[in-house]
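# Reading the structure
Read off the chains here:
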Amino acid sequence: MRYAVNFPGGTVQYVFGSFSESLPGLIPGQAVLIADQNVTGLYPSLLKEYTIAQVPPREEQKSLAVVGTLTEQLLTQQVHRKTFLVGVGGGVITDLTGFLASIYMRGVSFGFVPTTLLAMVDAAIGGKNGVNIGGHKNFVGTISQPKFILFDTQFLKTLPDAEWSNGFAEVIKYACLFDKTLFEELELRDINYYRQNEMALSKLIKRCVELKNIVVVGDERDTGLRKLLNFGHTAGHAFETLHQLPHGHAVALGMLIACRVSEDEAGLDKTVIQRLKKLLQQYELPVQLAYDTDSVVNILKMDKKRNEQAVDYIVLREVGKAAIKTISFEVIQKALESYE
Ligand SMILES: NC(=O)c1ccc[n+]([C@@H]2O[C@H](COP(=O)([O-])OP(=O)(O)OC[C@H]3O[C@@H](n4cnc5c(N)ncnc54)[C@H](O)[C@@H]3O)[C@@H](O)[C@H]2O)c1
């Protein structure tokens, strides 16, 4: 399956198929693969024909220092304006490759082969890329679209358990925000079902891609609608910072706090939070954390979305219907205190 999506910043080909069969046709001329070292280690025969710049795994690789090192490496390999860069890996690699390609010689074409569930349903899509500065995530970056994204679910066969639940946190996020039917489908299944059922997994990924694209096409530069994708990420970010939680775990807890806020501020039925708790547990995500409310609120106040006493916050009216609302820190504090 293959289709194109037109964004204000360019057209992206979405290709669902095999890496070895599809990639050659997507990269005219010279190409360099910027690839996660775990992936190159796991798939040596698949990648052996390509020129590869390897990047060790881990979030710390999303740095300006690594961008500098890769730039020098590309220069040595005589990478020129017409060379294609292809990021092969999880979100760390797609963010890094997209950023590097956007600034290398003022921009070269690039594509992605996401190899984690999270990168397939979220990180590779939408054109946002960048690196971290100190403790500030994604602080420098660009919005530029890849020429293609190639989805080959075979890569997921080697994905560690923890990365599956991280990815599912974002899948559940899309269901909460936009798709009641998807929420109900997820309720009937679990991670093992999707791991063992390739057709259902592919369908699920395609649906998430479609949902994210609808939002990004409407607001590529993140001035309105795209903010909805921050559902669960406001408190989630604070939990991630304070407790060094995996991103998916932090988002799971953040979504629960957002539901608690939504009960008072958006009329969300009280049964939803119970359903969401059960769903998150089904996908091996946490629903409890011993946090200090004041510390969480202090982090929120320092967050870049700050607006004096309140914050732009994503609330649910019902499963599948979300809204952006200005919510005071006082209300969030109460929700954090009353969540159990
Ligand atoms: N640009 C965006 O819109 C956007 C959206 C969401 C997240 N992100 C970014 O994505 C990053 C997180 O992405 P991630 O969760 O994919 O993390 P990641 O890239 O660190 O990958 C997670 C782990 O999985 C390993 N891995 C990758 N593919 C594998 C495979 N097929 N088999 C076995 N192991 C494999 C990696 O080596 C790594 O250890 C964060 O930096 C986040 O900021 C960006």
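Look a little higher up for the structure.
A brief report on the enclosed structure follows. What you see is a predicted model, and the numbers here were worked out from it, not measured in a lab.

### Quick word on the packing of helix 7 (residues 161–178) against helix 10 (residues 198–218)
Where helix 7 meets helix 10, the closest approach of the two axes is 10 Å, and the angle between their N-to-C directions is 55 degrees. With respect to helix 10, the element helix 7 is oriented oblique. The chirality of how helix 7 crosses helix 10 is left-handed. Across the interface between the two elements, Trp164, Phe168, Val171, Tyr174 and Phe178 of helix 7 pack against Leu201, Leu204, Cys208, Leu211, Lys212 and Val215 of helix 10. When grouped by side-chain class, the residues that make up the contact of helix 7 with helix 10 number ten nonpolar, no polar and one charged.

### Overview of the packing of aromatic side chains
Counted by the stated rule, this structure contains 13 aromatic pairs. Ring geometry for Phe110 against Phe112: centres 5.4 Å apart, planes inclined by 55 degrees, an arrangement best described as tilted. Phe112 gets classed as buried once you look at its relative accessible area, which sits at 4%. When the centroid spacing of 4.7 Å and the interplanar angle of 35 degrees are considered together, the rings of Phe168 and Tyr283 count as tilted. Within this pair, whereas Phe168 is found in helix 7, its partner Tyr283 is found in the loop between helix 13 (271–282) and helix 14 (293–302), the two being separated by 115 residues in sequence. Exposure remark for Phe168: the relative accessible area of 0% places this residue in the buried category. Each member of the aromatic cluster is reached from another via a ring pair, and the members are Tyr3, Tyr14, Phe16 and Phe151. Here the basic side chain of Lys173 rests over the ring of Tyr174, its NZ or CZ set 5.3 Å away from the ring centre. The ring of Phe16 carries the charged tip of Lys206 above its face, separated from the ring centre by 5.2 Å.

### Some thoughts on the site of the ligand
In the vicinity of the ligand, 25 residues are found, and the nearest of them are Asn38, Glu59, Thr115, Thr116 and Thr158. Backbone polar atom of Lys128 to a nitrogen atom of the ligand: 2.9 Å apart, as the coordinates give it. Secondary structure elements with two or more residues in the shell around the ligand: helix 2 (37–42), helix 5 (91–103), helix 6 (117–123) and strand 8 (136–143).

### As for unusual backbone geometry
Here the phi dihedral of Gln78 falls at roughly 55 degrees; this positive angle occurs in a residue that is not glycine. By the element assignment, Gln78 lies in the loop between helix 4 (64–76) and strand 5 (84–89). A positive phi angle is found at Asp222, which is not glycine, with a value near 65 degrees. Within the secondary structure, Asp222 is located in the loop between helix 10 and helix 11 (233–243). According to the relative accessible area criterion, Asp222 is partly exposed, its value standing at 24%.

### Considerations on the environment of Ile143
Within the fold, Ile143 resides in strand 8. Residue classification places Ile143 among the partly exposed positions, given a relative accessible area of 24%. Along the backbone, Ile143 and Thr115 are 28 residues apart, and their C-alpha atoms lie at a distance of 21 Å. In contact with Ile143, other than residues within four places in its own chain, are Gly126, Gly127, Lys128, Glu220 and Arg221.

What counts, and at which threshold
- Residues numbered from 1 in each chain as written.
- Predicted model: local features only at pLDDT ≥ 70, side-chain atom pairs only at ≥ 80, totals over all residues.
- Heavy atoms only, no water.
- Axes fitted to C-alpha atoms, helices over the stretch in contact; angles between N-to-C directions.
- Helix = DSSP H or I, 4+ residues; strand = E, 2+ residues; numbered from the N terminus.
- Parallel < 35°, antiparallel > 145°, perpendicular 65-115°, else oblique.
- Left-handed = near helix turned anticlockwise from the far one by under 90°.
- Contact = heavy atoms within 4.5 Å.
- Nonpolar A, V, L, I, M, F, W, Y, C, P; charged D, E, K, R; others polar.
- Phe/Tyr/Trp six-rings, centres within 6.5 Å; stacked < 30°, edge-to-face > 60°.
- Buried < 20%, exposed > 50% of the residue type's maximum accessible area, 1.4 Å probe, protein only.
- Lys NZ or Arg CZ within 6 Å of the ring centre and 35° of its normal.
- Near = heavy atom within 4 Å.
- Polar contact = N/O pair within 3.5 Å; in protein donor to acceptor, adjacent residues only side chain to side chain.

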